[in-house]
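# Inside the fold
Here's the letter readout for the chains.
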Amino acid sequence: MSTTPVTTTSLPHPTSAAPASNHQKPLITTFSSPPHPLATLRPDEMATISRVVKEFNSHKQVQFRRVLLSEPPKALVVPYLKAELAGSRLPPLPPRYGQALFYFKGETPFMEARVDISNQRIMSQRVLEGMHGPGDDDEVLAVAAESLRSPLVQKELERLQLPEGYEVISEPWPYGTDDTPVDGRLYQVWFFANSPKNLNHPSQNFYQHPLDFSAAFDLAKFEVIRVDRMPTTTAVIAPTDPNTKYQVNEDSEYAPDLIEGGLRKDLKPLHISQPEGVSFRIGADGESYYWQKWSFRVCFDVREGIILRNVVYDGRPVFYRIALSEMTVPYGDPRAPVHRKSAYDLGECGAGQTANNLQLGCDCLGVIHYMDGLGCSSEGEPVRLPNTICVHEQDAGLGWKHTNIRTGKAEITRARELVFQLIVTVGNYEYCLYFIFDTAANLHYEIRATGIMSVTPADMNSDVQSLKYGTIVADGVFAPHHQHIFNLRIDPAIDGYEGSRIVYDDVYAMPRDENNPHGVGFEAHNTAVTHESAFNLDWTTNRVVKMVNPSKRNRFSGKPIGYKIMAPPTQLGLAHPTSMHGRRGEFCDNHVHVTKYDDNELWGGGEHPWQSRGDQPGCRTWAARGRELEDGDSVLWFTLGFTHTTRSEDWPVMPSEHFRMSLKPVGFFELNPALDVPPSTQAANKSQYANVTRDKEEVVAKCCSGKL
């Protein structure tokens with residue numbers, strides 16, 4: 001006999017997984033000096049933007065979604081950066097503008113206002129026709145709670161007859177899009193159950209118990225408008241039997257204190273110390289960094305997370321701006337309603353909005369400096385997001401080494417890295433996002449994916465194991481295959497803020513002829529990207545994409561100086577081009593898009609992707625314009641990621657999956673830039689011999705030891 005289940009809500013998809021206490025009280029700080037043109041939006045500026053918008057719309061209640069910096073035109077910033085580098089008189093500061101994205105309470109149109117911060121006035125305000133805003137914490141928590149009160153949902157729970165003591169968890173996601181147009185802004189709500197065994201444990205894994213229905217939630221009506229039965233068998237169409245009951249399955253926990261058999265006992269502490277302190281310096285503004293000839297600004301944004309601005313090496317500009325433009329997670333399960341799953345985690349949620357409060361000794365190991373982020377409340381008040389970025393140095397192994405075989409003398413240095421780490425929790429998944437500088441003038445971007453796979457229910461009496469688009473990872477739990485596709489926007493400034501171009505090299509075998517009599521030769525062929533376009537990496541030709549300055553050449557090679565992208569040619573989007581996943585995924589069908597610089601083109605997947613239908617321009621649309629590129633106005637959009645064919649070892653929590661790409665100098669220097677890194681010595685490193693306890697040797701009788 002069943003009883004009415006206890007209901008509760010989980011922390012929904014578009015919100016931060018950090019406890020509510022991590023989102024501090026509204027923060028307003030005043031500053032005595034005007035900000036640098038590339039500085040992050042300040043709390044007092046955010047407060048000004050929201051106040052101006054509310055005063056302009058005083059007859060309505062404004063509910064803010066995002067308050068962002070509108071970056072000043074590059075044409076106005078570059079003269080300022082040049083003067084800074086030259087140590088000459090600085091030109092006037094460009095004006096500071098802001099963008100507010102909001103709704104009016106009780107109304108559905110999505111609004112945008114542009115604000116002149118310095119003069120505290122509205123520049124423009126408009127309805128973003130056909131577009132929808134991102135989720136925020138207040139909204140998704142309210143949707144989660146209200147969906148559980150829905151009579152339609154309660155009817156499904158009565159049908160399932162959950163065992164006594166189970167509680168129900170609701171998890172709202174962005175609705176996604178398919179071929180059927182829908183009116184209004186919607187959520188798709190997934191449902192799970194917690195068994196009573198570990199009911200009060202804060203880390204109980206409710207994903208182990210997916211329920212066989214979901215709900216479409218309409219924001220305008222603020223109610224569940226439809227229940228969708230979930231696919232549980234091999235059939236593409238979900239079953240509709242009104243008598244289907246819940247199938248009880250075993251718990252599968254990941255919390256350390258719930259692991260059956262306990263934890264390992266033989267893993268000993270590993271301590272990292274820097275007795276003389278760290279090697280980096282931070283400017284008075286809190287976001288200018290100086291380390292091993294590098295100087296740059298590390299900025300925070302609720303959408304992009306970490307933004308690198310004005311990256312300079314030894315007084316030479318390298319990049320004007322680098323940031324993650326967008327990421328999407330399209331699922332390969334063709335069964336409704338799972339077919340709509342394709343979250344756009346920056347545009348729909350925000351890498352900064354979902355950033356964790358990083359903990360000393362847990363998320364970051366060693367000697368750590370933390371940077372706070374800045375978000376806004378629904379009232380537009382600035383809110384401090386503590387410890388969103390951790391900064392630390394780490395040993396990166398051998399830097400370079402050579403032993404003179406004549407003398408036996410070895411020269412060796414160790415590589416050092418400066419790491420900027422942001423970890424976001426977007427519902428079930430965690431993404432660890434890193435920008436990493438090193439002592440050989442390389443800049444790396446690294447992604448680590450972990451967390452819990454998004455799963456669907458599986459009928460334990462059906463042959464779901466035969467499906468090829470996912471894996472049964474536990475009794476009653478099906479994990480669909482999916483992709484994690486990221487897009488990095490790179491605005492190069494190779495030894496100057498004007499003059500950068502994009503080229504690529506392919507390596508081909510030479511024909512066997514008089515110029516290659518032994519048939520062993522191969523050559524690198526260079527192709528210049530002269531027009532906006534898109535293309536792919538190619539492992540068969542070892543294709544390498546470069547950002548170069550044609551007006552400056554290496555003294556020895558005679559070739560333009562530059563930086564190259566070193567990354568494997570990962571699989572691109574697999575959805576059919578005519579599908580909604582294919583139409584929306586503007587950055588998913590090529591590794592490289594090259595476009596003409598535009599101050600307003602920042603988002604590879606479109607500015608507002610919530611329920612977009614392929615009608616928002618992104619890097620694919622811009623690259624297709626085919627306009628001629630002039631020196632210094634090329635922007636490179638690089639797509640990277642991985643296809644996750646799910647496996648049982650990824651359950652109940654996934655070991656982190658690593659991906660690293662590198663931006664490396666090519667001809668930018670005349671010698672190895674790490675030649676002057678101090679040698680690695682025992683006097684400096686103070687390594688110790690390991691005190692290892694050896695097992696006693698086991699005496700084994702040998703077959704040949706006996707007498708014949």
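To be clear, the structure that these remarks concern was listed above.
Keep in mind that this is a model prediction, so the values were computed, not measured. (Residues numbered from 1 in each chain as written. Predicted model: local features only at pLDDT ≥ 70, side-chain atom pairs only at ≥ 80, totals over all residues. Heavy atoms only, no water.)

With antiparallel pairing, 10 strands are arranged side by side in an open sheet as E16-E17-E18-E19-E20-E32-E29-E28-E25-E26. Lying at the two open borders of the sheet, with one neighbouring strand each, are strand E16 (369-376) and strand E26 (522-528). In this sheet, neighbouring strand axes are inclined to one another by 25 degrees on average, regardless of whether the strands run parallel or antiparallel. When strand E19 (residues 429-438) meets strand E20 (residues 443-451), the two strands line up antiparallel, connected through 9 bridges. (Pairing = 2+ DSSP bridges. Helix = DSSP H or I, 4+ residues; strand = E, 2+ residues; numbered from the N terminus. Axes fitted to C-alpha atoms, helices over the stretch in contact; angles between N-to-C directions.)

Val 153, Glu 156, Leu 157, Arg 159 and Leu 160 are the residues of helix H4 (residues 151-160) that are buried. The arc that holds every buried residue of H4, seen down its axis, measures 155 degrees, which confines them to one face. For H4, the exposed residues lying more than 90 degrees away from the buried face are Pro 151, Lys 155 and Glu 158. For H4, the capping residue at the N-terminal end is Ser 150, with a side-chain oxygen 3.1 Å from the backbone nitrogen of Leu 152. (Buried < 20%, exposed > 50% of the residue type's maximum accessible area, 1.4 Å probe, protein only. Arc of directions from axis to C-beta. Polar contact = N/O pair within 3.5 Å; in protein donor to acceptor, adjacent residues only side chain to side chain.)

Let us look at the packing of aromatic side chains. Evaluated as defined, the whole model comprises 30 aromatic pairs. Centroid distance Phe 64 to Phe 102: 6.0 Å. Interplanar angle 55 degrees. Geometry classified as tilted. With Phe 64 in strand E2 (residues 62-70) and Phe 102 in strand E3 (residues 97-104), the pair connects residues that are 38 residues apart, well separated along the chain. Judged by centre distance (5.8 Å) and plane angle (80 degrees), the ring pair of Tyr 431 and Phe 486 falls under edge-to-face. (Phe/Tyr/Trp six-rings, centres within 6.5 Å; stacked < 30°, edge-to-face > 60°.)

With that out of the way, let us pick up the layout of surface pockets. Here the second largest pocket defines a volume of roughly 1,200 Å³. Lining the second largest pocket are 27 residues, with Ser 273, Gln 274, Arg 416, Ala 684 and Asn 685 positioned closest to its centre. Where the lining of the second largest pocket is concerned, the elements lending two or more residues are strand E17 (382-403), strand E18 (410-426) and helix H8 (682-685). Element by element, the count of residues in the lining of the second largest pocket is highest for E18, at 4 residues. Of the residues belonging to the lining of the second largest pocket, the class tally is 8 nonpolar, 13 polar and 6 charged. (1 Å grid on protein atoms, 1.4 Å probe; cavity = no way out; pocket = protein on both sides within 12 Å on 5 of 7 lines; lining within 4 Å. Points joined across faces, edges and corners; volume = space filled by probe spheres on them. Nonpolar A, V, L, I, M, F, W, Y, C, P; charged D, E, K, R; others polar.)

A word on unusual backbone geometry. Looking along the chain, the bond that leaves Ala 336 and enters Pro 337 is cis, with omega of 0 degrees. Within the element layout of this structure, Pro 337 appears in the loop between strand E14 (316-330) and strand E15 (342-344). Along the chain, Trp 651 connects to Pro 652 via a cis peptide bond; the corresponding omega equals 5 degrees. Along the chain, Pro 652 turns up in the loop between strand E31 (634-644) and strand E32 (654-666). Even without being glycine, Ala 441 reaches a positive phi, approximately 70 degrees. You can see Ala 441 is positioned in the loop between E19 and E20. Despite not being glycine, Gln 611 has its phi angle at roughly 55 degrees, a positive value. Turning to its location among the elements, Gln 611 is positioned in the loop between strand E30 (592-596) and helix H7 (619-623). On the basis of relative accessible area, Gln 611 is assigned to the buried category, the value being 9%.

Bridge count between strand E22 (residues 470-474) and strand E23 (residues 477-480): 4 bridges; the pairing is antiparallel. Of the residues in E23, the one forming a bridge with Ile 472 is Phe 478. In this antiparallel pair of consecutive strands, E22 and E23, the connection spans 2 residues, and Gly 476 shows a positive phi of 80 degrees.

On to helix H3 (residues 137-149). Under the 1.5 Å per step criterion, the end-to-end length of H3 is 19 Å for 13 residues, consistent within 8% with the ideal 18 Å. Listed in full, the buried residues belonging to H3 are Glu 139, Val 140, Val 143, Ala 144, Ser 147 and Leu 148. Buried residues of H3, viewed axially, fall in a sector of 165 degrees; they line one side. (Expected span 1.5 Å × (residues − 1).)

With that settled, consider empty space enclosed by the protein. A complete count under the given rule lists 7 cavities of 30 Å³ or more for this structure. For the largest cavity, the calculated volume is near 80 Å³. Taken together, 13 residues line the largest cavity, and the ones lying closest to its centre are Pro 174, Tyr 175, Gly 176, Arg 340 and Lys 341. Secondary-structure elements contributing two or more residues to the lining of the largest cavity are strand E6 (167-174), strand E7 (186-194) and E15. Within the lining of the largest cavity, the residues separate by chemical class into 6 nonpolar, 3 polar and 4 charged. By volume, the second largest cavity amounts to about 60 Å³. For the second largest cavity, the full set of lining residues is Glu 171, Trp 190, Phe 191, Phe 192, Pro 210, Leu 211, Phe 213, Met 230, Lys 341, Ser 454, Val 455 and Pro 457. Going through the elements one at a time, E7 and strand E8 (210-218) are the ones with two or more residues in the lining of the second largest cavity. Considered class by class, the residues forming the lining of the second largest cavity number 9 nonpolar, 1 polar and 2 charged.

Now for the nonpolar core. In terms of nonpolar packing, the biggest core is built from 88 residues, with Phe 319, Phe 420, Tyr 431, Phe 437, Met 547, Tyr 563 and Leu 663 touching the most fellow members. Of all the elements, E14 adds the most residues to this core, at 6 residues. Excluding residues that lie within four positions of it along the chain, Phe 420 makes contacts with Tyr 289, Phe 296, Val 298, Ile 306, Ile 389, Cys 390, Val 391, Leu 433, Tyr 434, Phe 435 and Phe 437. Membership of the second largest hydrophobic core comes to 21 residues, among which are Val 140, Phe 191, Ala 193 and Leu 211. (Core = buried A, V, L, I, M, F, W, Y, C linked by side-chain atoms within 4.5 Å. Contact = heavy atoms within 4.5 Å.)

With respect to the helices, strands and loops of the structure, Tyr 187 is situated in strand E7. A relative accessible area of 0% places Tyr 187 in the buried class. Along the primary structure Tyr 187 and Ala 144 are separated by 43 residues, whereas in three dimensions their C-alpha atoms are 9.7 Å apart. One polar contact links Tyr 187 to Glu 139, side chain to side chain, over a distance of 2.4 Å.

So, on to the state of the cysteines. Applying the stated rule across the entire model yields 1 disulfide. With a sulfur-sulfur separation of 2.2 Å, Cys 364 is cross-linked through a disulfide to Cys 390. Disulfide Cys 364-Cys 390: torsion about the S-S bond near -100 degrees, hence left-handed. Here Cys 364 is found in the loop between helix H5 (345-349) and E16, whereas its partner Cys 390 is found in strand E17, with 26 residues between them in sequence. No difference in accessibility class separates Cys 364 from Cys 390, as the two residues are buried. With no disulfide of its own, Cys 299 lies 17 Å from the sulfur of Cys 390, the closest cysteine sulfur. Cys 619 provides the cysteine sulfur closest to Cys 588, a residue in no disulfide bond, and the two sulfurs are 8.5 Å apart. Residue Cys 588 is classed as buried on the basis of its relative accessible area, which comes to 9%. (Disulfide = S-S within 2.5 Å.)

Let us look at the environment of Gly 130. Within the element layout of this structure, Gly 130 appears in the loop between strand E5 (121-127) and H3. Gly 130 sits 530 residues away from Arg 660 along the chain, and the two C-alpha atoms are 37 Å apart.

In the structure shown here, the tally under the stated rule is 47 salt bridges. A salt bridge links Asp 228 to Arg 340; its shortest N-O distance comes to 3.6 Å. Note that Asp 228 is positioned in strand E9 (residues 223-229) and Arg 340 in the loop between E14 and E15, a separation of 112 residues in sequence. Like Arg 340, Asp 228 is buried. Its salt-bridge partner being Glu 601, residue Arg 625 comes within 2.8 Å of it at the nearest N-O pair. Highlighted residues: Arg 625 in the loop between H7 and E31 and Glu 601 in the loop between E30 and H7, separated in sequence by 24 residues. On the accessibility criterion, Arg 625 (34% relative accessible area) is partly exposed. (Salt bridge = Lys/Arg side-chain N within 4 Å of Asp/Glu carboxyl O.)

Worth remembering: the numbers are spatial, not functional.
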